[in-house]
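Observations on chain architecture
As a plain string of letters, each chain reads:
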Amino acid sequence: MKLYSLSIHFKGATKASLLKAAYDLSSFSFFQRSSVQEFMTFTSALIVERTSQGTRASVKEQEYLCHVYVRNDNLSAVVIADTEYPQRVCFTLLDKNPREADAMTKVQAELDETKIILHNTMESLLERGEKLDDLVAKSEHLGNQSKAFYKTARKQNSCCEIM
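Here the residue numbering is sequential within each chain, running from 1 through the sequence in written order. Only residues with pLDDT of at least 70 are given local features in this predicted model, and only at 80 or more are side-chain atom pairs given and counted; all residues enter the totals for whole chains, interfaces and linings. The side-chain quantities take in all heavy atoms of the structure and omit both hydrogens and water.

Here's the deal with the packing of aromatic side chains
Each Phe, Tyr or Trp ring, with Trp reduced to its six-membered ring, pairs with another whose centre is within 6.5 Å; inter-plane angles below 30 degrees give stacked pairs, above 60 give edge-to-face pairs, and intermediate values give tilted ones. This structure, assessed with the given rule, holds four aromatic pairs. Their ring planes at 45° and their centres at 5.6 Å tell us that Tyr 4 and Phe 28 sit as a pair that is tilted. Linking Tyr 4 in strand E1 (residues 3-11) with Phe 28 in the loop between strand E2 (16-23) and helix H1 (33-50), this pair joins segments that are 24 residues apart in sequence. Of the two residues, Tyr 4 and Phe 28, neither departs from the other in class, the shared state being buried. On the basis of an interplanar angle of 40° and a centroid distance of 5.7 Å, the ring pair of Phe 39 and Tyr 64 is categorised as tilted. Of this pair, Phe 39 sits in helix H1 while Tyr 64 sits in strand E4 (residues 64-70), placing them 25 residues apart in sequence. A simple rule labels every residue: compare its accessible area, found with a 1.4 Å probe on the protein chains alone, to the largest value its type can have, and call it buried under 20%, exposed over 50%, or partly exposed in between. Accessibility expressed as a relative area gives 22% for Phe 39, which makes it partly exposed. Note on Tyr 64: relative accessible area 5%, which makes it buried. Secondary structure follows DSSP: runs of H or I at least 4 residues long count as helices, runs of E at least 2 residues long count as strands, and numbering of each begins at the N terminus.

Observations regarding H1
To estimate the expected span of a helix, subtract one from its residue number and multiply by 1.5 Å. With 18 residues, H1 should reach 26 Å at 1.5 Å per residue; the first-to-last C-alpha distance of 26 Å fits that figure. Three or more residues of H1 are buried, namely Val 36, Met 40, Thr 43, Ser 44, Ala 45, Ile 47 and Val 48. Any two residues whose heavy atoms approach within 4.5 Å at even a single point are treated as in contact. In this structure, the buried residues of H1 make contact with E1, E2, strand E3 (55-61), E4 and strand E5 (75-82).

Dropping the structure here:
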């Protein structure tokens, strides 16, 4: 179960323009990657050009399944996956924000947010701890100064006794 390509196109009057694409070609050998990426780019553009506005389609090309969705504003998205990848997940990915498309991705995003919040909380606790340490040091210094003042005041007052 593998997702190879996700690309965003703009469907023009005669030609589809690639706006952005992401590829996972790690399962291919180093020497095959450029030709596989070129094949995926060409196939994605061709499928977008042949799909009408406001429709979804799935096309089998060799051992890949290409899922396309062309919106009414001519913005389109293409997912190229292996045949085991669920079609429902592909179209959900095309319709929605990718972070919300898959339950695992959504949970991972929530975990990342929680991690950031926890990190910020820990930083603020450490800052408070540093402030508390500063207050303790200042109070100890003030206590030492008051003891020194008391001792010098006793010495000063011991010479002047009232009779």
